[in-house]
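# Structural characterization, general
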Amino acid sequence: MAQFKSSTCEIPSARNVPAHIAIIMDGNGRWAKKRLLPRVAGHQRGVKSVRSTIRHCNSLGVDYLTLFAFSSENWRRPKDEVSFLMTLFYSSLAREIEQMHKDNLRFRVIGDISPFDSKLVSLIRDAEELTRDNGGLNLTVAANYGGRWDIMQAVKRMLKERPELAESFSENDLSPYLSMSYAPEPDLFIRTGGEQRISNFLLWQLAYTELYFTDTLWPDFDSTALDLAIRSYQARERRFGRTSEQLPAKNA
Ligand code: IPE
Ligand code: IPE
Ligand code: MG
């Protein structure tokens, strides 16, 4: 009863405008350093890019936008930076949630938020509850998220609920337990900041996603930069294992 086609079990349909865009918002620290500012000034400025990216995805008709905000490895950063990021998450969400709700956006967080401050956890849960019936853009923030953690928690929950699967299970048995089971796999992955790696983001879900890397630093990422990424995506041939000749003719 999979809601969406798995790219490895079936051939998903691919639209001209990506249905799901997943972004690693990287380069905040370098943006600040270039301006002789503390790293956290880059994080602060990055919120502006989050806002404009959400707005632009909304107007383009993108259904799902997933943003990597804090990885399970980001705890390794200096304590002050980690606590700044947590405070920034809290204040930005508190400030923006009413407007997001008015814009009919559905907000969700994926990742293990149990180590977060209880005030932040309840703000997140309230925001998810408030927007749960909204039918507009599905905004997911990945916080204390790791792709390996996701697969591990899915296996654990599946076996707890369905111990008979310990013998053998299929991809379709596991996928409902992954944290993004409510969304199709991303069509387009964007990483800003120049690094060309996945950094433990959506490992499972990116199996057939088109990857786009740009040197633009996250605080400089605007709607023009997003359009460039989408144009690059539109020029790709998504074969999902087939040959070029097997593909249906591209609609005009
Ligand atoms: C991304 O920017 C934001 C987070 C990881 C929270 P960085 O802080 O990694 O910026 P750089 O990579 O050091 O420039
Ligand atoms: C990835 O960025 C995580 C987020 C943007 C939240 P990092 O800056 O932490 O990644 P690495 O350490 O350069 O791989
Ligand atoms: Mg970085």
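My aim in this report is to walk through the structure given alongside it, one point at a time. Predicted model only: the values in this text are computed from it and were never measured. (Residues numbered from 1 in each chain as written. Chains lettered and ligands numbered in written order. Predicted model: local features only at pLDDT ≥ 70, side-chain atom pairs only at ≥ 80, totals over all residues. Heavy atoms only, no water.)

## Let's talk about the overall build of the chain
Here is the rule we go by: Strands are runs of DSSP state E lasting at least two residues, helices are runs of H or I lasting at least four, and both sets are numbered from the N terminus onward. Both definitions apply: the radius of gyration is a C-alpha atom measure, and the globule rule equals 2.2 Å times residues to the power 0.38. Three labels apply to residues, based on accessible area from a 1.4 Å probe with only protein chains included: buried if under 20% of the type maximum, exposed if over 50%, partly exposed otherwise in between. What makes two residues a contact is simply this: any of their non-hydrogen atoms within 4.5 Å. In short, Shrake-Rupley with a 1.4 Å probe defines the accessible areas, and a residue's cover is counted only from the protein chains shown.
Counting secondary structure elements, the chain contains seven helices and six strands. Relative to its length of 252 residues, the chain is compact, with a C-alpha radius of gyration of 19 Å against a globular reference of 18 Å. Seen through its C-alpha atoms, the chain measures out along the principal axes to roughly 55 × 45 × 35 Å. Residues classed as buried in the chain amount to 46% of the 252 residues present. Of the contacts made within the chain by residues no fewer than 6 positions apart, 75% connect residues no fewer than 24 positions apart. Accessible surface for the chain amounts to roughly 13,600 Å². Of this, 51% is attributable to carbon and sulfur atoms.

## Overview of the sheet that holds strand E1 (residues 20–24)
The test is simple: Two strands are counted as paired when DSSP detects at least two bridges linking them. Angular values range over 0 to 180 degrees, each being the angle between N-to-C directions of two axes fitted as lines to C-alpha atoms, with helices fitted over their stretch in contact.
An order of E3-E4-E2-E1-E5-E6 is seen for the six strands of this open sheet, with the pairing classed as parallel. Where the open sheet ends on each side, the last strands, each with one partner, are strand E3 (106–110) and strand E6 (210–213). For this sheet, the mean inter-axis angle between neighbouring strands, taken without regard to orientation, is 20 degrees. Pairing of E1 with strand E2 (residues 64–71), which is carried by five bridges, proceeds in the parallel orientation. Bridged to Ile21 within E2 is Leu65. This element, helix H3 (residues 79–102), spans E2, E3 and strand E4 (138–145) of the sheet and lies at about 160 degrees to E3. Each of E1, strand E5 (188–191) and E6 is contacted by helix H7 (residues 223–234), which is oriented at about 135 degrees to E5, the strand it contacts most.

## Re the site of ligand 2
Put simply, the rule is: Throughout, near means a residue has at least one heavy atom within 4 Å of the molecule or strand. Whenever two N or O atoms come within 3.5 Å, that pair is a polar contact, provided that in protein one can donate a hydrogen and the other can accept it, and provided that, for residues adjacent in sequence, both atoms are side-chain atoms.
Neighbouring residues of ligand 2: Ile24, Met25, Asp26, Phe68, Ala69, Phe70, Ser71, Asn74, Arg77, Arg191, Arg197 and Ser199. In the environment of ligand 2, an oxygen atom lies 3.2 Å from a nitrogen or oxygen atom belonging to the side chain of Asp26. Arg191 places a side-chain nitrogen or oxygen 3.2 Å from an oxygen atom of ligand 2. Protein contacts shield 78% of the accessible area of ligand 2, which totals 390 Å² for the unbound molecule. With four residues, the single largest contributor to the shell around ligand 2 is E2.

## Details of the pattern of salt bridges
For the record, the criterion: Any carboxyl oxygen of Asp or Glu that lies within 4 Å of a side-chain nitrogen of Lys or Arg is treated as forming a salt bridge with it.
Evaluated as defined, the whole model comprises 17 salt bridges. The salt bridge involving Asp26 is made with Arg30; its shortest N-O contact spans 3.3 Å. Judged by its relative accessible area of 15%, Asp26 is buried. Glu195 serves as the salt-bridge partner of Arg197, at 3.6 Å between the closest nitrogen and oxygen. The exposure class assigned to Arg197 is partly exposed, which follows from its relative accessible area of 46%. Judged by its relative accessible area of 24%, Glu195 falls in the partly exposed class. What emerges from the salt-bridge pattern is a single network uniting Asp26, Arg30, Arg191, Glu195 and Arg197.

## Comments concerning the pairing of E3
Test applied: By convention, orient the strands away from the viewer: a clockwise path from the first strand over the helix to the second makes the crossover right-handed.
Burial within E3 is extensive, with four of its five residues counted as buried. Inspection of the sheet shows E3 paired to E4 by five bridges, in the parallel sense. When the sheet's bridge partners are listed, Phe107 is paired in E4 with Leu139. For the crossover that starts at E3, traverses helix H4 (residues 118–130) and ends in the parallel E4, the hand is left-handed.

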